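Chain by chain, the residues run as shown.
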Amino acid sequence: MEVEFTFVTQTTHGGKPVVSAEFSPSGKLIASSGSDRRVVLHNIQDGSLHDSFPEEDHLAGINQVGWLTDDLIVTAADDGLNKLVRVFRLPNQSTPFCFALHPLTSIITVGDVMGAVTSFHLHSDQVVHHFDAHGKGITAIQYSPDGQELITGSQDGIVRQWLPDPNPVCFQTIVPCPRVFTGISALAYSDDGRYIIVSTLDSTHRIFPRFLELKEEQREAALLRTFKGHSNKKYSIPTTLLPSFIKQRHYLVSGSDKGQIHVWDWQSNDLLLSFPAHRGPVHSIAIRSVFESNDEGELDDEQDDADFEFMMVTTGRDGSVKLWTLRPRGDDTWQFRGPSLESTEQTMTEKDAKGEEEEDASEHRPAEAMDVDPDR
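An account of the accompanying structure is given in this report. All figures in this text were calculated on a predicted structure; none of them were measured in a lab. (Residues numbered from 1 in each chain as written. Predicted model: local features only at pLDDT ≥ 70, side-chain atom pairs only at ≥ 80, totals over all residues. Heavy atoms only, no water.)

Let us now look at the sheet that holds strand S18 (residues 184–189). Taken in spatial order, the four strands make up an open sheet running S18-S19-S20-S21, and their pairing is antiparallel. Bordering the open sheet on either side are S18 and strand S21 (225–227), each of which pairs with just one other strand. When the angles between neighbouring strand axes are averaged without regard to direction, this sheet yields 20°. In terms of strand pairing, strand S20 (residues 204–209) meets S21 through three bridges, oriented antiparallel. Note on S21: the bridge partner recorded for His205 is Phe227. (Pairing = 2+ DSSP bridges. Helix = DSSP H or I, 4+ residues; strand = E, 2+ residues; numbered from the N terminus. Axes fitted to C-alpha atoms, helices over the stretch in contact; angles between N-to-C directions.)

Below, the discussion takes up the packing of aromatic side chains. Both the distance between ring centres and the angle between the ring planes are used here to describe each pair of aromatic rings. Counting across every chain of the model gives five aromatic pairs. Ring plane angle 55° and centroid distance 4.8 Å describe the contact between Phe131 and Trp162, whose orientation is recorded as tilted. Here Trp162 lies in strand S16 (residues 159–163) and Phe131 lies in strand S13 (residues 127–132), a separation of 31 residues in the sequence. Each member of the pair Phe131 and Trp162 is classed as buried. Ring geometry for Phe227 and Trp264: centres 6.2 Å apart, planes at 70°, overall edge-to-face. One end of the pair, Phe227, is in strand S21; the other, Trp264, is in strand S24 (residues 260–265), with 37 residues separating them in the sequence. Of the two residues, Phe227 and Trp264, neither departs from the other in class, the shared state being buried. Three or more aromatic residues joined by ring pairs make a cluster, and in this case those are Tyr195, Phe227, Trp264 and Trp266. (Phe/Tyr/Trp six-rings, centres within 6.5 Å; stacked < 30°, edge-to-face > 60°. Buried < 20%, exposed > 50% of the residue type's maximum accessible area, 1.4 Å probe, protein only.)

Summarising the element assignment, Asp156 is placed in the loop between strand S15 (150–154) and S16. In this structure Asp156 is buried but unpaired, with Arg160 as the nearest side chain of opposite charge at 4.4 Å. Of note is the side chain of Asp156, whose polar atom sits 2.9 Å from the backbone nitrogen of Ile158. Among all residues touching Asp156, those that are not within four sequence positions of it are His134, Gly135, Lys136 and Phe181. (Lys, Arg positive; Asp, Glu negative; His and termini not counted. Salt bridge = Lys/Arg side-chain N within 4 Å of Asp/Glu carboxyl O. Polar contact = N/O pair within 3.5 Å; in protein donor to acceptor, adjacent residues only side chain to side chain. Contact = heavy atoms within 4.5 Å.)

The next point concerns the nonpolar core. Counting 17 residues, the largest nonpolar core has Val253 and Met312 as the members making the most contacts within it. Secondary-structure elements contributing two or more residues to this core are strand S1 (2–12), strand S23 (251–254), S24, strand S25 (271–276), strand S26 (282–290), strand S27 (309–316) and strand S28 (320–329). The residues touching Met312, leaving out its near neighbours within four places in the chain, are Phe5, Phe23, Val253, Phe275, Ile285, Ala286, Ile287, Lys322, Leu323, Trp324 and Leu326. With twelve residues, the next largest nonpolar core counts Cys98, Phe131, Ile138 and Tyr143 among its residues. (Core = buried A, V, L, I, M, F, W, Y, C linked by side-chain atoms within 4.5 Å.)

Turning next to the side chain of Ser231. For Ser231, the location among the structural elements is in the loop between S21 and strand S22 (239–242). Exposure remark for Ser231: the relative accessible area of 16% places this residue in the buried category. When near neighbours in sequence (up to four residues on either side) are disregarded, Ser231 contacts Ser203, Ser256, Asp257 and Lys258.

Within a regular beta strand, the side chains point alternately toward one face of the sheet and then the other, so they alternate between its two faces. Counting buried positions along strand S11 (residues 107–112) gives six out of six residues, so the element sits mostly inside the fold. Neither face of S11 is open: one carries Ile107, Thr109 and Gly111, the other Ile108, Val110 and Asp112, and all of them are buried. Relative to S11, strand S10 (residues 96–101) runs antiparallel, the two being bridged by five bridges. The partner of Leu101 across the bridge, within S11, is Ile108. Hairpin geometry of S10 and S11 is characterised by an intervening segment of five residues between the two adjacent antiparallel strands. Where S11 lies against strand S12 (residues 116–121), five bridges are found, and the strand directions are antiparallel.

This is the structure in structure tokens:
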């Protein structure tokens, strides 16, 4: 089985960092956001501009964008506003850094730079929950696929698992790096909700079982797998699972501070592929399974497996939004192929990477320092 990553097209946000991108529920559009304070909608077929929301909607850079429905978008920005049909401001006037959408209800849960968690009802101004979750800023937040559990990660190097209803209760604490307390970069659940993927700023992904009913001295032994080979020492770098497409095999996909995309085999921990995607840090990755389009240009869900593929969108510090296809080919051997530097028009060198790292000291969404630049 050969799985080829093919670069399709790219667009920009005026050269400013693009920090978040998500597919719409229908899979027809991509929303991206970043330091230019805009939300831009792209057509999935070719990445062309579909629509955009003006920068006046926010007073500072947007940290995250997401879809509630095909018609409703939520954002979290450095000005403390979550833009929906309504505008929500956090009770403590803090800056939202990340949010999670409950998979079964109309609740939005926000993690802020002061370490607090706030949940809102979509259709009212009612605050469902507001509580202090961490001693430092929250850098990642996720609901389990069944909505029964909330996990939060922070600069303090701690992951907490919460029962969100009726009153939030922390039933488990995970310290991935107990000797160092390295900051949390990203969190994700496996598709079946059985495992938690914890990414930390020591350039490591760690896999833990979802329910850790363990004593303090047993927690380190609960670690199931580790994945290494990428660079992640400063930024909130995304991690996701490539959906299984044959024989129930799964693959871990991650960005890096140095602009590369990495793919690991979930079962063997082997690093299968690394290829250049952006000049500078990769700030978001989203993957969606789709089918070929029909004659009307719409995605057709009634085709056989031969037409099956994945679409991947990545965004970066370099200000670009890039669209990729991932297509399985053949059925004999397993091989991953990535694009060349030339095909993605990358010219990153060690000097470029070093220059980017030095320039980034006070910009974008660093998971380590959480610097907020009002001019971005």
